[in-house]
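So the chains spell out like this:
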Amino acid sequence: MSGSHHGEGLQRRTLLIVLVLNVLLFVMLGLGGLFAESSALLANAADNGSDAIVYLISFLAVGRAMAWKRGAARLSGIMLLVFAAGVLIDVGRRWIVGTEPVGWTMMGLAVIAAVVNLICLMLIRRQGGDDVNMRAAETFSFNDFASNGGILIAGGLVMALDQAWPDLVVGLIVAAIAVKGGVDILKDARESRPVSQEAEANAET
């Protein structure tokens, strides 16, 4: 029992750390995206903002019943899909209205965000992959890290070509990554149900 409480304490501490880091990234990337007129940065900021909310939900789910954890993971997947829809709308708006992203700002913030997301990913992976909410958290951090690499490339292309389309393309890619992550999390939550129900039944007997 003490080992279980210790593991839950580590999960809470890890989720709290990544929650704070994602809130900071949300503010930094959001302000940077507005300054640089970058759809990709704003998409990444929105992603980190939704991640922070999900990490809070996962933090509250630690130590609770498996049904509660599945519900929290399911909500996480739905939020990622909603975020992806919002990014697609923003990219379409910027394509129609026009935008002039600042490449060097995109690249600088992408490097900082990549380092922070890598730290989050390493912290989460130390907890193992036997909890549906921790697996969801790992998916979020990996998606963010991959998105940061895309923004770095897009920033370089924006500077080299003096064109806005690389920023919009990366915005679409970030949305696609979010869709895949959301679907994977929902699938994981659904597939964990039979196992968890059997475990709960055994616990009761």
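Residues numbered from 1 in each chain as written. Predicted model: local features only at pLDDT ≥ 70, side-chain atom pairs only at ≥ 80, totals over all residues. Heavy atoms only, no water.

Condition: UniProt positions are given in the numbering used here, feature names are shortened, and annotations may be inferred rather than shown by experiment.
An unreviewed UniProt entry annotates the protein as Cadmium, cobalt and zinc/H(+)-K(+) antiporter originating from Brevundimonas vancanneytii. Its UniProt record gives the protein a comment under Subcellular location (unreviewed entry), which states: "Membrane".

## Notes on helix 4 (residues 103–125)
Where we set the bar: Strands are runs of DSSP state E lasting at least two residues, helices are runs of H or I lasting at least four, and both sets are numbered from the N terminus onward. Expected helix span is taken as 1.5 Å per residue step, with the number of steps being one fewer than the number of residues. Buried, partly exposed and exposed residues are distinguished by accessible area as a fraction of the type maximum, computed with a 1.4 Å probe on protein chains only: under 20%, between the cut-offs, and over 50%, respectively.
Taking 1.5 Å as the rise per residue, helix 4 with 23 residues should run 33 Å; its terminal C-alpha atoms sit 32 Å apart, in good agreement. The complete set of buried residues in helix 4 reads G103, T105, M106, L109, A110, A113, A114, V116, N117, C120, L121 and I124.

## Some remarks on the nonpolar core
Keep this limit in mind: Here, nonpolar core refers to any group of buried Ala, Val, Leu, Ile, Met, Phe, Trp, Tyr and Cys residues whose side-chain atoms link them within 4.5 Å.
Core analysis: the largest hydrophobic core is formed by 42 residues, its most contacted members being L15, L29, L41, Y55, M106 and I151. Elements with a contribution of two residues or more to this core: helix 1 (2–36), helix 2 (39–61), helix 3 (66–97), helix 4, helix 5 (132–161) and helix 6 (165–204).

## Some points on the environment of G103
Cut-off, in case you're wondering: Here a residue-residue contact requires only that any non-hydrogen atoms of the pair lie within 4.5 Å.
Along the chain, G103 falls in helix 4. For the pair formed by G103 and L157, sequence separation is 54 residues and the distance between their alpha carbons is 7.7 Å. With sequence-adjacent residues up to four places away left out, G103 is seen in contact with G155, V158 and M159.

## So, a nonpolar patch on the surface
Applied cut-off: Patches in this entry comprise residues that are over 30% relatively accessible and not in a salt bridge; like charges within 9 Å are linked, as are nonpolar side chains (Val, Leu, Ile, Met, Phe, Trp, Tyr) within 5 Å. Calculation of accessible area relied on Shrake-Rupley with a 1.4 Å probe; when residues are assessed, cover is drawn exclusively from the protein chains displayed. Note on definitions: salt bridges are taken to be side-chain nitrogens of Lys or Arg within 4 Å of carboxyl oxygens of Asp or Glu.
Residues W95, I96, V97, I153, L157, L161, W165, V169 and I173 make up a contiguous nonpolar surface patch of about 950 Å² in total accessible area. Listed by contribution, the elements that provide at least two residues to the nonpolar patch are helix 3, helix 5 and helix 6. Within the element layout of this structure, V97 appears in helix 3.

## Some details on the packing of aromatic side chains
For any pair of aromatic rings, the description consists of the separation of the ring centres together with the inter-plane angle of the planes. Where we set the bar: Two aromatic rings, drawn from Phe, Tyr or Trp (for Trp, its six-membered ring), form a pair once their centres lie within 6.5 Å of each other, and the interplanar angle then sorts them: stacked below 30 degrees, edge-to-face above 60, tilted otherwise.
Scanning the model with the defined rule gives 1 aromatic pair in all. Ring centres of F35 and W104 lie 6.5 Å apart, and the angle between their planes is 70°; on these two criteria the pair is classed as edge-to-face. Placement of the pair is F35 in helix 1 and W104 in helix 4, with a sequence separation of 69 residues. Take F35: its relative accessible area is 56%, and that puts it in the exposed class. Here W104 falls in the exposed class, since its relative accessible area comes to 56%.

## A few points about the confidence of the model for the protein
Where we set the bar: For every residue, the predictor reports its confidence as pLDDT, a number between 0 and 100.
Mean pLDDT over the protein: 79, with 84% of residues reaching 70 or higher. Taken element by element, the protein is modelled with least confidence in helix 6, mean pLDDT 70, and with most confidence in helix 4, mean pLDDT 90. Taken together, the stretch residues 195–205 has pLDDT below 50 and engages in 4 contacts with residues farther than four places along the chain or on a different chain.

## Thoughts on the UniProt feature "transmembrane region" (unreviewed entry) in the protein
On the UniProt side, "transmembrane region" (unreviewed entry) is annotated at positions that read residues 15–36, 52–68, 75–96 and 102–124 here. Taken as a whole, residues 102–124 contains 96% helix and 0% strand, while its terminal C-alpha atoms sit 33 Å from one another.

## As for the side chain of D144
Note the cut-off: Counted as positive: Lys and Arg. Counted as negative: Asp and Glu. His and the chain ends are not counted at all.
Take D144: it is sitting in helix 5. The side chain of D144 is buried and forms no salt bridge, while R125, the nearest opposite charge, is found at 13 Å. Beyond its immediate sequence surroundings of up to four residues, D144 is in contact with N22, N44, D47, N48, D51 and N117.

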